[in-house]
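Geometric and topological summary
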Amino acid sequence: MFNKITIIGAGYVGFSLAVLLSQEKEVTLFDIDRLKLKQIGNKKSPLRDQNIDKFFANKTLRLKTNYDLLDSVSDSDLIILALPTNFNESTKFFDTSQLDSVISKITEKNINSPILIKSTVPQGYTKRLQAQYPDFSIIFSPEFLREGNALEDNLNPSRIVVGNTEPLGLKIAELFASFASNDPEIFLMESGEAEAVKLFSNAYLATRISFFNELDTFALASNLDSQSIIDGVTSDPRIGAHYCNPSFGYGGYCLPKDTKQLESDFGDLPQELFSSIIRSNISRKKYISHYVASLDKKVIGIYLLAMKKNSDNFRESSIVDVIQALKELDKTITILLYEPLVNLSSMFDCEVVSSLESFKQKSEIILANRLDASLDDVKEKVFTRDIYGIN
């Protein structure tokens, strides 16, 4: 079963799944970005992921690309949707328009393959779709992937959750489990419960990040050693020493939007925690900006825009908000960016410096959300909250 699989969307979720499944299955990958598909067709990854590069170099993958949506799904045994659902600040809700459009086109052509949604969706979305298209099998299964390590997390999943308790749901779970190097636990549940698992999981991660960021704010303001406090706190096995490395604030594609969506899903239900997480992250970035401004440096360097190491994504990156806040706090400062992924002379009204050595020389202070060895020779200039050197 599921010998021919079509994946719609070549972002880090869809692309990593395509690489994973094409080890044994015949996989067709569709995306509206033809340049991205051309790269993939030439065995060049459009995303930064070391494991994907290794797979392309060392494995024979049964992976092809297709520019035609309906042609790509015409003979599929399973259709996987991995399309973006950005949070709309006006509606306070995920924008599911891309999902809605693709599902409408598939059902109009009466292509009756099971449709598996891997995109993060609002609470109750899958149930509403299933009621709208009762003759089709529409299933939600959340992903739990880290940007830059998506294939690794597919190979060693923390768990497999499928929002379907029928035999079809089990077969889908077993499909992903068959590619796992570990022995992941399988959870079959109703679609609404699976949707909630995704949103609450990411909201918890955002909560944990915010907790240690606020701890670090207190330590920084009180001239205390943040690492000593964190080590002492996380030595309690009930708390654990994971996801405790401070940063300038949580960001990336998933955590900000998923936390906001969960806040919206609560509606009129009583809750304070999830709203406070969002406010906490805003406060953290504001505090970092004011702290840096207080150092009275006139040339501030920003080392990389991505939230995480080995990531090429700086959507919703906390450093971007810090940049904007700094520019508002002091109109006289100059901000320099060093970001090899940017082929522009300026960005966010800041000069982009292509030479790392020139960047380090010109900057009076260098802000680095995450450290690496490239800054070892200018440690005295670096301001970071990266204590443990991990994402």
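See the structure shown above.
1. A closer look at empty space enclosed by the protein
Evaluated as defined, the whole model comprises one cavity of 30 Å³ or more. If you trace the largest cavity, you find 15 residues lining it, with Lys 118, Asn 154, Pro 157, Arg 159 and Ile 160 closest to the centre. Residue assignment for the lining of the largest cavity shows that the elements contributing at least two residues are helix H7 (150-155) and strand E9 (160-162). Across the lining of the largest cavity, the residue classes break down as eight nonpolar, three polar and four charged.

2. A look at helix H1 (residues 12-21)
Of all ten residues making up H1, ten are buried, and the element is well covered by its neighbours. The set of residues buried in H1 consists of Tyr 12, Val 13, Gly 14, Phe 15, Ser 16, Leu 17, Ala 18, Val 19, Leu 20 and Leu 21.

3. Here we look at the pairing of strand E12 (residues 334-338)
In terms of burial, E12 is a largely internal element, four of the five residues being buried. By the bridge criterion, five bridges tie strand E11 (residues 299-303) to E12 in an arrangement that is parallel. Note on E12: the bridge partner recorded for Gly 301 is Leu 336. One ladder, built from two bridges, connects E12 with strand E14 (residues 350-352); its direction is parallel. Considered in E14, the bridge of Leu 336 is made with Glu 351.

4. Details of the packing of aromatic side chains
Per the stated rule, a full pass over the model turns up eleven aromatic pairs. Centroid distance Phe 211 to Phe 212: 5.1 Å. Interplanar angle 85°. Geometry classified as edge-to-face. In textbook terms, an aromatic cluster arises when at least three aromatic residues are bridged by ring pairs, as seen for Phe 248, Tyr 287, Tyr 291 and Phe 383. One cation-aromatic arrangement involves Arg 159 over Phe 144; the distance from NZ or CZ to the ring centre is 3.6 Å. Here the basic side chain of Lys 257 rests over the ring of Phe 94, its NZ or CZ set 4.2 Å away from the ring centre.

5. Examining the sheet that holds strand E3 (residues 63-66)
Strand order in the open sheet made by the six strands is E3-E2-E1-E4-E7-E8, with parallel pairing throughout. With partners counted over all chains shown, the strands left at the sheet margins are E3 and strand E8 (138-140), one partner each. With direction set aside, neighbouring strand axes in the sheet form an average angle of 25°.

6. Description of the pairing of strand E2 (residues 26-30)
Across a regular strand the side chains alternate sides, sitting on one face of the sheet and then on the other. Of all five residues making up E2, four are buried, and the element is well covered by its neighbours. Sheet analysis places strand E1 (residues 4-8) next to E2, joined by five bridges and oriented parallel. Each bridged residue has a counterpart across the sheet, and for Lys 4 the counterpart in E2 is Glu 26. After leaving E1, the chain enters H1 and then returns to the sheet as E2, a path that is right-handed.

7. Side note on helix H12 (residues 273-294)
If you check H12, its first and last C-alpha atoms are 31 Å apart, about what 22 residues at 1.5 Å a residue would give, namely 32 Å. Those residues of H12 that are buried are in contact with helix H9 (191-221), helix H11 (254-266), E11, helix H13 (318-329), strand E15 (365-367) and strand E16 (382-383). The first or second residue beyond H12 is Asp 296, which carries a positive phi of 60°.

8. Side note on the sheet that holds strand E13 (residues 346-347)
A sheet is described by the order of its strands in space; here six strands give the open sequence E13-E14-E12-E11-E15-E16, paired in mixed fashion. Where the open sheet ends on each side, the last strands, each with one partner, are E13 and E16. H13 rests against E11, E12, E14 and E15 of the sheet, and its axis sits at about 160° to E12.

9. Details of the pattern of salt bridges
Taken as a whole, this structure holds 15 salt bridges when the rule is applied. Close ionic contact of Glu 26 with Arg 62 constitutes a salt bridge, the shortest N to O distance being 4.0 Å. Here Glu 26 is found in strand E2, whereas its partner Arg 62 is found in the loop between helix H3 (50-58) and E3, with 36 residues between them in sequence. By relative accessible area, which is 27% here, Glu 26 ends up partly exposed. Ionic pairing is found between Asp 296 and Lys 298, a salt bridge with its closest N-O pair at 3.8 Å. In this structure, a network of salt bridges that share partners links the residues Glu 89, Lys 92 and Lys 260.

10. Regarding the packing of H9 against H12
The contact between H9 and H12 brings their axes to 9 Å, and the two run at 35°. Crossing angle aside, the handedness with which H9 passes H12 is left-handed. Note on element contacts: H12 touches H9 through Leu 273, Phe 274, Ile 277, Ser 280, Arg 284, Tyr 287 and Tyr 291, opposite Phe 200, Ala 203, Ala 206, Thr 207, Ser 210, Asn 213, Glu 214, Asp 216, Thr 217, Leu 220 and Ala 221. Counted by class, the contact of H9 with H12 contains ten nonpolar, five polar and three charged residues.

11. Details of the nonpolar core
Inside soluble globular proteins, nonpolar side chains tend to come together where they are buried. Membership of the largest hydrophobic core comes to 41 residues, with the highest contact counts inside it found for Ile 5, Ile 7, Leu 21, Leu 29, Ile 80 and Ile 172. By residue number, the principal contributor to this core is H1, which donates eight residues. Residues within four places of Leu 29 in sequence aside, it is in contact with Ile 7, Gly 9, Ala 10, Gly 14, Phe 15, Ala 18, Leu 37, Ile 40, Leu 63, Lys 64, Thr 65 and Asn 66. Core analysis: the second largest hydrophobic core is formed by 25 residues, Leu 83, Leu 99, Ile 111 and Leu 129 among them.

12. Examining the side chain of Ser 363
Positionally, Ser 363 belongs in the loop between helix H14 (356-362) and E15. Assessed through its relative accessible area of 1%, Ser 363 is described here as buried. At 2.8 Å, the side chain of Ser 363 forms a polar contact with the backbone oxygen of Phe 359. Ignoring anything within four residues of it in the chain, the contact list for Ser 363 reads Val 299, Gly 301, Leu 336 and Lys 381.

The rules behind each value
Residues numbered from 1 in each chain as written. Predicted model: local features only at pLDDT ≥ 70, side-chain atom pairs only at ≥ 80, totals over all residues. Heavy atoms only, no water. 1 Å grid on protein atoms, 1.4 Å probe; cavity = no way out; pocket = protein on both sides within 12 Å on 5 of 7 lines; lining within 4 Å. Points joined across faces, edges and corners; volume = space filled by probe spheres on them. Helix = DSSP H or I, 4+ residues; strand = E, 2+ residues; numbered from the N terminus. Nonpolar A, V, L, I, M, F, W, Y, C, P; charged D, E, K, R; others polar. Buried < 20%, exposed > 50% of the residue type's maximum accessible area, 1.4 Å probe, protein only. Pairing = 2+ DSSP bridges. Phe/Tyr/Trp six-rings, centres within 6.5 Å; stacked < 30°, edge-to-face > 60°. Lys NZ or Arg CZ within 6 Å of the ring centre and 35° of its normal. Axes fitted to C-alpha atoms, helices over the stretch in contact; angles between N-to-C directions. Right-handed = clockwise from strand over helix to strand, strands pointing away. Expected span 1.5 Å × (residues − 1). Contact = heavy atoms within 4.5 Å. Salt bridge = Lys/Arg side-chain N within 4 Å of Asp/Glu carboxyl O. Left-handed = near helix turned anticlockwise from the far one by under 90°. Core = buried A, V, L, I, M, F, W, Y, C linked by side-chain atoms within 4.5 Å. Polar contact = N/O pair within 3.5 Å; in protein donor to acceptor, adjacent residues only side chain to side chain.

Keep in mind these numbers describe shape, not what the thing actually does.
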